[in-house]
Amino acid sequence: MNGQDLIIKFEELLDITRASYAAFAEQTERAIAEQRPMVLAVDEQNIDADKFQLDVALLKAAPIAAVPAHSPFHPLQDAGHRFLLAADGLYLEVRRPWLHFIHRLAEHTSVRIPYGALANKVELAFGQLGTALEQMREFAVHAMEAAPLESAASLIWNSDLKQWSIKMPKIIGEATASRIQYEQVDLAEDGSESIAMDLHSHGHAAAFFSPTDDADDAGTVKIAGVFGNLDQNMPTVAFRLCVLGLYLPIQVPAEKIFG
Ligand SMILES: [Zn+2]
């Protein structure tokens, strides 16, 4: 066998290797696809590949998962959210550096759902809202000075240092007695900071969440607080936890901040 023959033989061997690798890869891919739970109700063999990628991307952004009935439940680890199907209905789970939230969105028990049980949960990394009292009071002073104009502040939770700070956002245009528009404050680039609380004031008007506030807070994950009646001896406050369109009222006595 001369050198030329050897090269030809080698090329043949390479072709065989390539072909068997391709067959192996195809078989493996099929086996994985068969083993994988079908979370998207599609026929993968008969769909538009680009549209399917869009559905896969949506599923990745907001996954669904069944709550295990026999194994321990493993909570969401990274910032994001997912839907959970449990024995008694559909739940939402949300994770932020400062928050772990589980909330039943819809109860269902007529048709037996063969999954595990889950309970509502609101876990705040900072424990109580009162840990930010100093920053709330700082904003209160600022808001009283600005009244009757509205003002706003973001309370930042630093999950590395485990401490609060306050940042006043840059106002866009001119604040009025009923409207304020501001830029989102800058956060540390290392990801240690997140906006856990947004505060704004209603000047001399009462503290409540207006339709404008509802529209602004839709789709956000944060605690929202509004201070009002800032010309009174005892101003009013309202707080709520905003989670992707859910609003859960939080009772905070105004005396704690203004007393
Ligand atoms: Zn408002």
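What you see is a predicted model, and the numbers here were worked out from it, not measured in a lab.

Trainee: Got a minute to help me understand the sheet that holds strand E6 (residues 152–158) in this structure?
Mentor: Through backbone hydrogen bonds, the strands of a sheet pair up, either in parallel or in antiparallel fashion. Taking strand neighbours across the sheet as the criterion, the 6 strands line up as E7-E6-E10-E11-E12-E13 in an open arrangement whose pairing is mixed. Of all strands in the sheet, those bounded by a partner on one side alone are strand E7 (163–167) and strand E13 (246–250). The mean angle between the axes of side-by-side strands here comes to 25 degrees, regardless of whether they run parallel or antiparallel. Relative to E13, strand E12 (residues 236–243) runs antiparallel, the two being bridged by 5 bridges. From the neighbouring strand, Leu241 faces E13, where its bridge partner is Leu248.

Trainee: Explain helix H2 (residues 49–61) to me, please; I cannot follow it from the model alone.
Mentor: Think of an α-helix as turning once every 3.6 residues; residues three or four places apart then point the same way. End to end, H2 covers 18 Å across 13 residues, agreeing with the expected 18 Å (1.5 Å per residue, within 8%). Little of H2 sits inside the fold, with 0 of its 13 residues counted as buried.

Trainee: Please explain the pairing of strand E2 (residues 80–86) as it appears in this structure.
Mentor: One face of the sheet, then the other: side chains in a regular strand alternate in exactly this way. Pairing analysis gives 3 bridges linking strand E1 (residues 64–66) to E2, with the strands arranged parallel. Each residue of the ladder has a partner; that of Ile64, found in E2, is Phe83. Between E2 and strand E3 (residues 89–96), which pair antiparallel and follow one another directly, the connecting turn spans 2 residues.

Trainee: When you look at the sheet that holds strand E4 (residues 99–107) in this model, what are you seeing that I'm missing?
Mentor: If you walk across this open sheet you meet the 5 strands as E1-E2-E3-E4-E5, and the pairing is mixed. At either end of the open sheet lies a strand with only one pairing partner, and these are E1 and strand E5 (121–124). Adjacent strand axes in the sheet meet at a mean angle of 25 degrees when their direction is disregarded.

Trainee: I'm lost on helix H3 (residues 133–146) in this one. Help?
Mentor: A rise of 1.5 Å per residue sets the reference length of H3, with its 14 residues, at 20 Å; its end C-alpha atoms lie 20 Å apart and thus fit the reference within 8%. Every buried residue of H3 is listed here: Gln135, Met136, Phe139, Ala140 and Ala143. Each buried residue of H3 sits inside an arc of 145 degrees when the element is viewed along its axis, so together they form one side. Residues of H3 that are exposed and point over 90 degrees away from its buried face: Glu134, Val141 and Glu145. Close packing links the buried residues of H3 with E6, E7, strand E10 (193–201), strand E11 (221–228) and helix H5 (254–258).

Trainee: Please explain the environment of Val67 as it appears in this structure.
Mentor: Its place among the elements puts Val67 in the loop between E1 and E2. Considering only alpha carbons, one finds Val67 and Ser201, 134 residues apart in sequence, at a separation of 41 Å. Not counting residues up to four positions away in its chain, the partners in contact with Val67 are Phe73, Leu84, Leu85, Ala86, Tyr115, Gly116 and Leu118.

Trainee: Would you mind going over the nonpolar core with me for this structure?
Mentor: Nonpolar side chains in soluble globular proteins tend to end up buried together. Core analysis: the largest hydrophobic core is formed by 38 residues, its most contacted members being Leu155, Ala196, Leu199 and Phe227. Residue assignment for this core shows that the elements contributing at least two residues are E2, E3, E4, H3, E6, E10, E11 and E12. In terms of residue count, E12 provides more of this core than any other element does, 6 residues in total. For this core, the two domains that each supply at least three residues are domain 2 (37–124) and domain 3 (130–258). Setting aside anything within four residues of it in sequence, one finds Phe227 in contact with Ala140, Ala143, Leu199, Ser201, Ala207, Pro235 and Val237.

Rules and cut-offs
- Residues numbered from 1 in each chain as written.
- Predicted model: local features only at pLDDT ≥ 70, side-chain atom pairs only at ≥ 80, totals over all residues.
- Pairing = 2+ DSSP bridges.
- Helix = DSSP H or I, 4+ residues; strand = E, 2+ residues; numbered from the N terminus.
- Axes fitted to C-alpha atoms, helices over the stretch in contact; angles between N-to-C directions.
- Expected span 1.5 Å × (residues − 1).
- Buried ≥ 20, exposed ≤ 12 C-beta atoms within 10 Å, placed from the backbone.
- Arc of directions from axis to C-beta.
- Contact = placed C-beta atoms within 7 Å.
- Core = buried A, V, L, I, M, F, W, Y, C linked by C-beta atoms within 7 Å.
- Domains from an automatic or database assignment.

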